[in-house]
Amino acid sequence: SQELEQSPQSLIVQEGKNLTINCTSSKTLYGLYWYKQKYGEGLIFLMMLQKGGEEKSHEKITAKLDEKKQQSSLHITASQPSHAGIYLCGADGAGTASKLTFGTGTRLQVTL
Amino acid sequence: DAGVTQSPTHLIKTRGQHVTLRCSPISGHKSVSWYQQVLGQGPQFIFQYYEKEERGRGNFPDRFSARQFPNYSSELNVNALLLGDSALYLCASSFDADTQYFGPGTRLTVL
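What this report covers is the structure whose coordinates are included nearby.

Cut-offs and rules
- Residues numbered from 1 in each chain as written.
- Chains lettered and ligands numbered in written order.
- Predicted model: local features only at pLDDT ≥ 70, side-chain atom pairs only at ≥ 80, totals over all residues.
- Heavy atoms only, no water.
- Contact = heavy atoms within 4.5 Å.
- Buried area = accessible area lost by both parts, 1.4 Å probe.
- Salt bridge = Lys/Arg side-chain N within 4 Å of Asp/Glu carboxyl O.
- Polar contact = N/O pair within 3.5 Å; in protein donor to acceptor, adjacent residues only side chain to side chain.
- Helix = DSSP H or I, 4+ residues; strand = E, 2+ residues; numbered from the N terminus.
- Disulfide = S-S within 2.5 Å.
- Pairing = 2+ DSSP bridges.
- Axes fitted to C-alpha atoms, helices over the stretch in contact; angles between N-to-C directions.
- 1 Å grid on protein atoms, 1.4 Å probe; cavity = no way out; pocket = protein on both sides within 12 Å on 5 of 7 lines; lining within 4 Å.
- Points joined across faces, edges and corners; volume = space filled by probe spheres on them.
- Nonpolar A, V, L, I, M, F, W, Y, C, P; charged D, E, K, R; others polar.
- Buried < 20%, exposed > 50% of the residue type's maximum accessible area, 1.4 Å probe, protein only.

### A short note on the interface of chain B and chain A
On the side of chain A, 19 residues touch chain B, which itself brings 26 residues to the contact. Carbon and sulfur atoms supply 54% of the area that chain B and chain A bury against each other, a total of about 1,500 Å² over both sides. For the pair chain B and chain A, the interface holds zero salt bridges. Along the contact surface separating chain B from chain A lie five residue pairs in polar contact (both at pLDDT 80 or more). Of all the secondary structure elements, the ones that give two or more residues to the side of chain B that touches chain A are strand E4 (31–37), strand E5 (44–50), strand E6 (53–57), strand E9 (87–94) and strand E10 (101–102) of chain B.

Structural data, given as structure tokens:
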């Protein structure tokens with residue numbers, strides 16, 4: 001079965017600083033999804049990457065997919081308190097996004 | 001448009017009882033998936049239903065069952081509850097086998 005490892009497990013950054021979260025898969029990535037979760041709440045869809053080398057951006061968040069390394073990264077520029085939460089990567093190793101395998105998450109805190 | 005809705009938001013049960021969780025997908029979405037998220041971990045896939053048929057099942061015991069109704073809403077049933085079933089249960093919907101959108105979850109506590 002596919003496993004996703006996220007690093008770091010937790011992160012505390014000062015407001016305005018940049019940060020990167022990594023997600024590494026044990027198997028080939030057909031599609032990689034990034035979600036954000038506030039503690040105890042549902043997941044908010046951020047971005048989906050499907051092709052090797054693909055890069056997508058939304059506001060101050062950029063995600064990249066390195067198919068050869070079976071890895072994705074999420075980069076936040078000039079972090080804000082609103083970026084705080086748990087970031088989860090999910091993979092559809094079976095070729096369908098309806099059966100995602102998730103990493104354990106990266107907890108981000110942004111200090112003033 | 002309304003997002004995915006789930007009910008109830010919180011639930012407290014005792015060991016051995018059964019529970020039914022409900023999910024209404026985004027209008028037009030035909031696929032519903034259920035996930036279990038234990039504290040400190042990522043969500044784990046339980047079931048997927050598409051057009052009222054089970055299309056996938058995760059590594060969960062037979063105490064877990066689900067169904068999808070003609071209006072595409074879904075129910076997750078768990079029998080003979082164990083303490084380890086305490087978790088956030090998430091429902092997600094998608095139009096086809098594409099991007100899933102999650103509901104707010106149901107927090108189940110088993111005492």
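Now, onward.
### Some words on the state of the cysteines
All names here are of chain B. Across all of its chains, the model carries two disulfides over all chains by this definition. For Cys23, the disulfide goes to Cys91, at an S-S distance of 1.8 Å. Here the disulfide of Cys23 and Cys91 is left-handed, its torsion about the S-S bond being about -60°. Here Cys23, found in strand E3 (residues 19–24), pairs with Cys91, found in strand E9; they are 68 residues apart in sequence, far enough to count as distant.

### Points about the sheet that holds strand E7 (residues 61–66) of chain A
All names here are of chain A. The strand order across the open sheet formed by five strands is E1-E3-E8-E7-E6, and the pairing between neighbours is antiparallel. Both edges of this open sheet fall to strand E1 (4–7) and strand E6 (55–58), since each of them pairs with a single strand only. When the angles between neighbouring strand axes are averaged without regard to direction, this sheet yields 15°. Across six bridges, strand E3 (residues 19–25) lies against strand E8 (residues 71–76) in antiparallel orientation. Each bridged residue has a counterpart across the sheet, and for Thr20 the counterpart in E8 is His75.

### Some details on the layout of surface pockets
By rolling a water-sized probe across the atoms, one finds the places where empty space is left. Considered as a void within the structure, the largest pocket measures approximately 590 Å³ in volume. Forming the walls of the largest pocket are 21 residues, and the residues nearest its centre are Ser1, Gln2, Leu100 and Thr101 of chain A together with Gln44 of chain B. Counting residues per element, the ones that place at least two in the lining of the largest pocket are strand E10 (101–102) of chain A together with E5 of chain B. Of the residues that constitute the lining of the largest pocket, the class distribution is seven nonpolar, eleven polar and three charged. Put simply, the second largest pocket is a space of about 250 Å³. In terms of lining residues, the second largest pocket is bounded by 17 residues, among which Ile86 and Arg107 of chain A together with Gln37, Gly40 and Gln41 of chain B are the most central. Those elements that place two or more of their residues in the lining of the second largest pocket are strand E9 (85–91) and strand E11 (106–111) of chain A. A breakdown of the residues in the lining of the second largest pocket according to their chemical character gives six nonpolar, nine polar and two charged.

### Remarks on the pattern of salt bridges
Side chains that carry opposite charge are capable of pairing whenever their charged atoms lie near each other. Residue and element names in this part refer to chain B. In the structure shown here, the tally under the stated rule is seven salt bridges over all chains. A salt bridge links Glu75 to Arg67; the shortest N-O distance between them is 3.3 Å. Here Glu75 falls in the buried class, since its relative accessible area comes to 10%. Assessed through its relative accessible area of 44%, Arg67 is described here as partly exposed.

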